[in-house]
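Coordinates in review
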Amino acid sequence: PRHERVVLWFEHDLHDQILLARVLAACTGMEGRLFAVPADGVRHFGAMDVRDLAMLRGAEVAVTAAQIEAGAAVWEAVSRFDDPQGIEALRQQPLPWPHMAAALTRLLQELPWRGDGLALSERVALRGIAGGAADLSALMRAAHEADPVLHITDLALRATVRRLSDGALKLVSGTEGSWRVNERGAAVLAGHERHRTPPRWVGGTAVRSPSSWLWNGAGDLPHGGGPGTSGSLGHAGSRDGASVPRA
């Protein structure tokens, strides 16, 4: 083997958990040489000072064969073309990674929601702007507080606002520093109109308008802070919102 000991440093947020799954998918047979520093679900390594980071040295734990297998299964489900049902099934199972199920739920919440057509990141951005966050810095603070599992980056947040600001049916008007939710954006937030999302990808699932796959949200931002786990994957062809096999 090239390395006798490999230590993984992955945080609890969506992006790190999906990257962790990708790495684990390539680590079959490495149990005994593979270790992980536990994420506490609150702090991000990049925001910790040198003293706190130093205290994590030696805190790594051995990665088991079951954890490697689970990571590989997650990566296979996330990357499966145009069929997120594997993600829905895995997020409801007891996984040997404490933050993986929440990350998978958060990934599915980037699909258009059955009620307003918004992805959760789009709704968080709209609410932040409606609350007075007119520039990227203020909106980043609002988004990180409202949606800690995603922990969106500045480039991704800017792209989200750009997506909401584009086209004849845009929801946000103005330029950075003067962003504002326009009349249609306010109507979408109030549930009076439905957003029509431009084409994009959620994992291996193509999001189109109208979209085949939806999130049946039973509540988007509980008072506890982050996005909730209530809700389920749904198919546009199902009246009751249940997940059904595609034809």
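Being a predicted model, the structure only gives us computed values, none of them experimental.

Let us now look at empty space enclosed by the protein. Gaps between atoms show up when a probe of the same size as a water molecule is rolled over them. Throughout the structure, instances matching the rule amount to 1 cavity of 30 Å³ or more. In this structure, the largest cavity encloses a volume near 40 Å³. In this structure, the largest cavity is lined by Ser121, Val124, Ala125, Ala143, Asp147, Leu150, Ile152 and Leu157. The leading source of residues in the lining of the largest cavity is helix α6 (residues 120-130), at 3 residues.

The next subject is the sheet that holds strand β3 (residues 61-62). Spatial strand order, β1-β2-β3: 3 strands in an open sheet with mixed pairing. Of all the strands in the sheet, the pair left with one neighbour each is β1 (6-9) and β3. Pairing geometry for β1 and strand β2 (residues 34-37), over 4 bridges, is parallel. Pairing of Leu8 across the sheet is with Ala36, part of β2.

Turning our eyes to something else, we now look at the pattern of salt bridges. Scanning all chains against the criterion turns up 11 salt bridges. With a shortest N-O distance of 3.1 Å, Arg208 and Asp82 are connected by a salt bridge. Note that Arg208 is positioned in the loop between β7 (205-207) and β8 (213-216) and Asp82 in the loop between α3 (65-79) and α4 (85-91), a separation of 126 residues in sequence. On the basis of relative accessibility, which here comes to 38%, the residue Arg208 falls in the partly exposed class. Residue classification places Asp82 among the buried positions, given a relative accessible area of 9%. One salt bridge connects Asp116 with Arg123, and the closest N-O pair in it is separated by 2.9 Å.

The next thing to look at is the layout of surface pockets. Taken as a whole, the largest pocket spans an internal volume of roughly 370 Å³. Leu14, His15, Glu110, Leu150 and Trp201 are the residues nearest the centre of the largest pocket, which is lined by 20 residues in total. Counting residues per element, the ones that place at least two in the lining of the largest pocket are α1 (14-25), α3, α8 (154-164) and β6 (200-202). Classifying every residue of the lining of the largest pocket by side-chain character gives 12 nonpolar, 4 polar and 4 charged.

Right, let's get into the packing of helix α7 (residues 136-146) against α8. Running from amino to carboxyl end, α7 crosses α8 at an angle of 105 degrees, the nearest separation of the two axes being 10 Å. With respect to their mutual orientation, α7 and α8 come out roughly perpendicular. Residue-level inspection shows Leu136, Leu139 and Met140 of α7 in contact with α8, the latter providing Asp154, Leu157, Arg158 and Val161. Across the contact of α7 with α8, the residue classes tally to 5 nonpolar, no polar and 2 charged.

Helix length check: α3, at 15 residues, gives a terminal C-alpha distance of 21 Å against a target of 21 Å (1.5 Å per residue), a fit within 8%. Regarding α3, the residues found buried are Gln67, Ile68, Ala70, Gly71, Val74, Ala77 and Val78.

Moving on, we get to the packing of aromatic side chains. Taken as a whole and assessed by the stated rule, the structure comprises 3 aromatic pairs. Aromatic side chains Trp113 and Trp215 sit 6.4 Å apart centroid to centroid with 55 degrees between the ring planes, which places their arrangement in the tilted category. Of this pair, Trp113 sits in the loop between α5 (100-108) and α6 while Trp215 is found in strand β8, placing the two residues 102 residues apart along the sequence. Accessibility classification places Trp113 together with Trp215 in one group, the buried group. For the cation-ring pair, Arg5 lies above Phe35, with the distance from its terminal atom to the ring centre recorded as 4.0 Å. If you follow Arg123 out to its NZ or CZ, it ends over the ring of Trp113, 4.2 Å from the centre.

What counts, and where the lines are drawn
- Each chain carries its own residue numbering, running from 1 in the written order of its sequence.
- It should be noted that, the model being predicted, local features are given only for residues of pLDDT at least 70 and side-chain atom pairs only at 80 or more, the latter also being counted only at that level, while totals for whole chains, interfaces and linings use all residues.
- The basis for every side-chain value is the complete set of non-hydrogen atoms in the structure, without hydrogens or water.
- The definitions used throughout rest on a 1 Å grid laid over the protein atoms alone, on which a cavity is an enclosed set of points accommodating a 1.4 Å probe that cannot get out and a pocket is an open set flanked by protein within 12 Å on both sides along at least five of seven lines; lining residues are those having an atom within 4 Å of a point.
- Grid points are joined across faces, edges and corners, and a volume is the space filled by probe spheres set on the points.
- Per the convention used, a helix needs a DSSP run of H or I reaching at least four residues, while a strand needs a run of E reaching at least two, with both numbered from the N terminus.
- When DSSP finds two or more bridges between two strands, those strands count as paired.
- In what follows, salt bridge is the name for a side-chain nitrogen of Lys or Arg lying within 4 Å of a carboxyl oxygen of Asp or Glu.
- Exposure is judged per residue with a 1.4 Å probe applied to protein chains only, and the accessible area is read against the type maximum: over 50% gives exposed, under 20% gives buried, and values in between give partly exposed.
- Here the nonpolar group is Ala, Val, Leu, Ile, Met, Phe, Trp, Tyr, Cys and Pro; Asp, Glu, Lys and Arg are the charged ones; every other residue, Gly included, is treated as polar.
- The axes used here are C-alpha line fits, helices contributing only the stretch in contact, and every angle between their N-to-C directions lies in the interval 0 to 180 degrees.
- Roughly parallel here means an angle under 35 degrees, roughly antiparallel means over 145, roughly perpendicular means 65 to 115, and every remaining angle is called oblique.
- Contacts between residues were defined by any pair of non-hydrogen atoms, one from each residue, lying within 4.5 Å.
- Take the number of residues in a helix, subtract one, and multiply by 1.5 Å to get its expected span.
- Centres within 6.5 Å are what make two rings of Phe, Tyr or Trp a pair, Trp counting through its six-membered ring; a difference in plane orientation under 30 degrees is then read as stacked, over 60 as edge-to-face, and the rest as tilted.
- Counted as over-ring charges are cases with an Arg CZ or a Lys NZ within 6 Å of the ring centre that also lie within 35 degrees of the ring normal.

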